[in-house]
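Structural features, examined
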Amino acid sequence: MRLVVEILTGTLFYVHVGSDATIGDLKRVIGSQQNLPHDRLILILDTNQSPMNGGDEEDGASLSDCGVKDGSHIYLFFSPVDDDSTHPFLHNSDILQG
């Protein structure tokens, strides 16, 4: 299957996977092709607007069971890094007030 993948920046690229591929397989192909950490990828199929994966246990689900077909458009997002950071996020108002 040839799939269209779109990153948040609007960049499109294509990936090829077998018809029996799983979500995990697709994540690994995308990760390898785009030099991205496959374990942080969140994939959303264009037709249903819901994540194709809820965690590692669902990475074994077949793409066809998720409704993915040849030519499907998939949106690519990233899960946040869990770095145990203690740095607080700044709000725009904090920056403006100096």
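Refer to the structure above for everything that follows.
What you see is a predicted model, and the numbers here were worked out from it, not measured in a lab.

Cut-offs used in this document
Residues numbered from 1 in each chain as written. Predicted model: local features only at pLDDT ≥ 70, side-chain atom pairs only at ≥ 80, totals over all residues. Heavy atoms only, no water. Helix = DSSP H or I, 4+ residues; strand = E, 2+ residues; numbered from the N terminus. Expected span 1.5 Å × (residues − 1). Buried < 20%, exposed > 50% of the residue type's maximum accessible area, 1.4 Å probe, protein only. Arc of directions from axis to C-beta. Contact = heavy atoms within 4.5 Å. Phe/Tyr/Trp six-rings, centres within 6.5 Å; stacked < 30°, edge-to-face > 60°. Lys NZ or Arg CZ within 6 Å of the ring centre and 35° of its normal. Pairing = 2+ DSSP bridges. Axes fitted to C-alpha atoms, helices over the stretch in contact; angles between N-to-C directions. Polar contact = N/O pair within 3.5 Å; in protein donor to acceptor, adjacent residues only side chain to side chain. Core = buried A, V, L, I, M, F, W, Y, C linked by side-chain atoms within 4.5 Å.

When the terminal C-alpha atoms of helix H1 (residues 23-34) are compared, their 16 Å separation across twelve residues agrees well with the 16 Å that a helix rising 1.5 Å per residue should span. Those residues of H1 that sit buried are Ile23, Gly24, Leu26, Lys27, Ile30 and Gly31. An end-on view of H1 places all buried positions within 160 degrees of arc, on one side of the element. Each element contacted by the buried residues of H1 is listed here: strand S1 (2-7), strand S2 (12-16), strand S3 (41-45) and strand S4 (73-78). Downstream of H1 by one or two residues, Asn35 has phi in the positive range, about 60 degrees.

What follows deals with the packing of aromatic side chains. Evaluation of the coordinates by the stated rule reveals zero aromatic pairs. One Lys or Arg, Arg2, reaches over the ring of Tyr14 and ends 3.8 Å from the middle of that ring.

Next up on the list: the sheet that holds S3. The strand order across the open sheet formed by four strands is S2-S1-S4-S3, and the pairing between neighbours is mixed. The open sheet terminates on both sides in strands that have one partner only, identified here as S2 and S3. Between one strand axis and the next, the sheet turns through 35 degrees on average, direction left out of account. In terms of strand pairing, S3 meets S4 through five bridges, oriented antiparallel. Bridge pairing in S4 links Ile42 to Phe77. The strands touched by H1 are S1, S2, S3 and S4; relative to S2, the strand with the most contacts, the crossing angle is about 125 degrees.

Within the element layout of this structure, Thr11 appears in the loop between S1 and S2. Thr11 sits in the partly exposed class, given a relative accessible area of 42%. Filtering out sequence-adjacent residues up to four positions away, Thr11 remains in contact with Val5 and Glu6. Polar contacts involving the side chain of Thr11 include one to the side chain of Thr9, which spans 3.0 Å.

Relative to S4, S1 runs parallel, the two being bridged by four bridges. If you follow Val4 over to S4, its bridge partner there is His73.

Right, let's talk about unusual backbone geometry for a bit. The phi dihedral of Asn35 falls on the positive side, at around 60 degrees, and the residue is not glycine. Position of Asn35 relative to the elements: it lies in the loop between H1 and S3. According to the relative accessible area criterion, Asn35 is exposed, its value standing at 70%.

Ranked by internal contacts, the top residues of the largest apolar core, which has 17 residues, are Leu3, Leu26, Ile30, Leu63 and Leu76. Only S1, S2, H1, S3 and S4 provide two or more residues apiece to this core.

By themselves these figures say nothing about function.
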